[in-house]
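Chain residues, written in single-letter form:
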Amino acid sequence: MENTKLIDELYKASKAGIVGIDNIKDEVEDKGLLDLIQKQNNYYEKFAKDMQKIAVDYDYQPKDINIFMKAGSFMESKMKTMMDDSSHTIAELMINGTKMGINQMNELIHEYEDCDKKLINYAKEFKSKLEAFLNSLHDFV
């Protein structure tokens, strides 16, 4: 049971990243920032697919993020980019979302430490990738 909860949380984290990026990618004019955001999105998509594949081993289907979270992310992104759609603002939005993902991974790693080590390693890998993206995003603020 704990394993499937962790799979859900990892899947939702990657889907939240995809939704966040979908909300801002059309506003990005800086090619370097757009490339980085696309790379991050590609990682999220691959990670979500990996979680779906792993869930099969547990005879489980991970749950997607809810519509309210999607709507909230959309509204926040659109409000901020309507006022200022500079690369700086978009990078700050990405930094904030990436930091939330890192914090979430720290909580999951601690909360689910007794789960399948393979799943914990996925959480640690996700966190590590987010930290690398975060460092790269700082170049645009």
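Residues numbered from 1 in each chain as written. Predicted model: local features only at pLDDT ≥ 70, side-chain atom pairs only at ≥ 80, totals over all residues. Heavy atoms only, no water.

Q: Looking at this structure, I do not really get the nonpolar core. What am I missing?
A: One recurring pattern in soluble globular proteins is that nonpolar side chains are buried together. Counting 40 residues, the largest nonpolar core has Leu6, Leu10, Ile37 and Phe126 as the members making the most contacts within it. Taken together, the elements giving at least two residues each to this core come down to helix 1 (2-24), helix 2 (31-57), helix 4 (87-111) and helix 5 (117-137). Here this core gets ten residues from one element, more than from any other, and that element is helix 2. Beyond its immediate stretch of four places on either side in the chain, Leu6 contacts Leu108, Tyr112, Cys115, Leu119 and Ile120. (Core = buried A, V, L, I, M, F, W, Y, C linked by side-chain atoms within 4.5 Å. Buried < 20%, exposed > 50% of the residue type's maximum accessible area, 1.4 Å probe, protein only. Helix = DSSP H or I, 4+ residues; strand = E, 2+ residues; numbered from the N terminus. Contact = heavy atoms within 4.5 Å.)

Q: Whenever I open this one, the packing of helix 1 against helix 2 confuses me. Can you help?
A: A pair of packed helices can be characterised by two numbers: the angle between their axes and the separation between those axes. Two elements in contact, helix 1 and helix 2, have axes separated by 9 Å at closest approach and are oriented at 150°. On the basis of the axis angle, helix 1 is roughly antiparallel to helix 2. Handedness of the crossing formed by helix 1 with helix 2: left-handed. Contacts between helix 1 and helix 2 involve Ile7, Leu10, Tyr11, Ser14, Lys15, Gly17, Ile18, Ile21 and Ile24 on the former and, on the latter, Ile37, Gln40, Asn41, Tyr44, Glu45, Phe47, Ala48, Met51, Gln52, Ile54 and Ala55. Of the residues that constitute the contact of helix 1 with helix 2, the class distribution is 13 nonpolar, five polar and two charged. (Axes fitted to C-alpha atoms, helices over the stretch in contact; angles between N-to-C directions. Parallel < 35°, antiparallel > 145°, perpendicular 65-115°, else oblique. Left-handed = near helix turned anticlockwise from the far one by under 90°. Nonpolar A, V, L, I, M, F, W, Y, C, P; charged D, E, K, R; others polar.)

Q: I keep staring at unusual backbone geometry and nothing clicks. Help me out?
A: Most peptide bonds take the trans form, and the phi angle of most residues other than glycine is negative. For Asp59, which is not a glycine, the phi torsion comes out positive at approximately 50°. Mapped onto the elements, Asp59 comes out in the loop between helix 2 and helix 3 (67-83).

Q: Looking at this structure, I do not really get helix 4. What am I missing?
A: Every α-helical turn comprises 3.6 residues, leaving residues that sit three or four positions apart pointing alike. The end-to-end C-alpha distance of helix 4 is 36 Å, a good match for the 36 Å that 25 residues give at a rise of 1.5 Å each. The set of residues buried in helix 4 consists of Thr89, Ile90, Ala91, Leu93, Met94, Ile95, Thr98, Gly101, Ile102, Met105, Leu108 and Ile109. (Expected span 1.5 Å × (residues − 1).)

By themselves, these are just geometric observations and shouldn't be taken as functional.
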